[in-house]
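Structural characterization, general
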Amino acid sequence: SEKTIVFDAPSKVAAFYMEEMRHLEQENLKLLLLNTKNILLRDITVSRGTVNASCATPREIYIEALRFRACGIILLHNHPSGDVTPSPEDKELTKRLAMLGGMMQLCLTDHIIVGDSDFFSFRQAGLI
């Protein structure tokens, strides 16, 4: 049986994916699909970007979330530079996803950026 992974804290998410994502040369955007108990249903790489930008639309993200009947989603991406400061694009995407998620009762639980050995959580920063 598969091990149950519960993502109830940003640090758990960051720790789980840090090793896999911190050395990537391009920005990768993952969508983590959660059930009502914050148990990971699956993760999907939504986009592999250029050096500094990954392009995914809220539409693509919510299509996947609805397909797998997720109750919550966490967005996760890496910054190849190692600096976890969110870009204006990161902030804009997060704002749009939170707004849409609210309308669909599909919670954007967090958006997490992983860098070299650090992470940034939009929820912890009060931006969601």
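Details of the structure are given in the entry above.
Source: prediction; values computed, not measured. (Residues numbered from 1 in each chain as written. Predicted model: local features only at pLDDT ≥ 70, side-chain atom pairs only at ≥ 80, totals over all residues. Heavy atoms only, no water.)

**Topic: the sheet that holds strand S4 (residues 107–114)**
Spelled out, the test is: At least two bridges found by DSSP between two strands are what make those strands a pair. Each helix corresponds to a stretch of at least 4 residues labelled H or I by DSSP, and each strand to a stretch of at least 2 residues labelled E; elements are numbered beginning at the N terminus. Each axis is a line fitted through C-alpha atoms, taken for helices only over the stretch in contact, and angles between the N-to-C directions span 0 to 180 degrees.
Strand order in this open sheet of five strands is S2-S1-S3-S4-S5, and the pairing throughout is mixed. The sheet is open, and its two borders are formed by strand S2 (40–48) and strand S5 (119–121), each paired with just one other strand. With direction set aside, neighbouring strand axes in the sheet form an average angle of 20°. Sheet topology note: the strand S3 (residues 72–78)/S4 ladder contains seven bridges and is parallel.

**Some words on the pairing of S3**
Put simply, the test is: Exposure classes here rest on a 1.4 Å probe applied to the protein chains alone. A residue is buried below 20% of its type maximum, exposed above 50%, and partly exposed in between. If the strands point away from the viewer and the path from the first strand over the helix to the second runs clockwise, then the crossover is right-handed.
Along S3, seven of the seven residues are buried, which leaves the element largely enclosed by surrounding structure. The parallel pair S3 and S4 is bridged by helix H3 (residues 88–104), and the resulting crossover is right-handed.

**Quick look at the environment of leucine 40**
Let me state the cut-off plainly: Contacts were defined at the residue level, with two residues in contact if any of their heavy atoms lie within 4.5 Å.
Tracing the backbone through its elements, the reader meets leucine 40 in strand S2. Relative accessible area serves as the criterion here: at 17%, leucine 40 is assigned to the buried category. Contacts of leucine 40, omitting those with residues within four sequence positions, involve Ile5, Phe7, Tyr17, Leu32, Leu33 and Leu34.

**Details of a nonpolar patch on the surface**
The condition is simple: Think of a patch as exposed residues, more than 30% relative accessible area, with no salt bridge, where like charges cluster within 9 Å and nonpolar side chains (Val, Leu, Ile, Met, Phe, Trp, Tyr) cluster within 5 Å. For the accessible areas, the method is Shrake-Rupley and the probe is 1.4 Å, while residue cover comes only from the protein chains on display. Counted as salt bridges are all cases of a side-chain nitrogen of Lys or Arg within 4 Å of a carboxyl oxygen of Asp or Glu.
Taken together, the side chains of Leu66, Met99, Met103 and Met104 present a nonpolar region at the surface, about 430 Å² in accessible area. The element contributing the most residues to the nonpolar patch is H3, with three residues. Take methionine 104: its relative accessible area is 35%, and that puts it in the partly exposed class.

Functional significance is not addressed by these values, which are geometric in nature.
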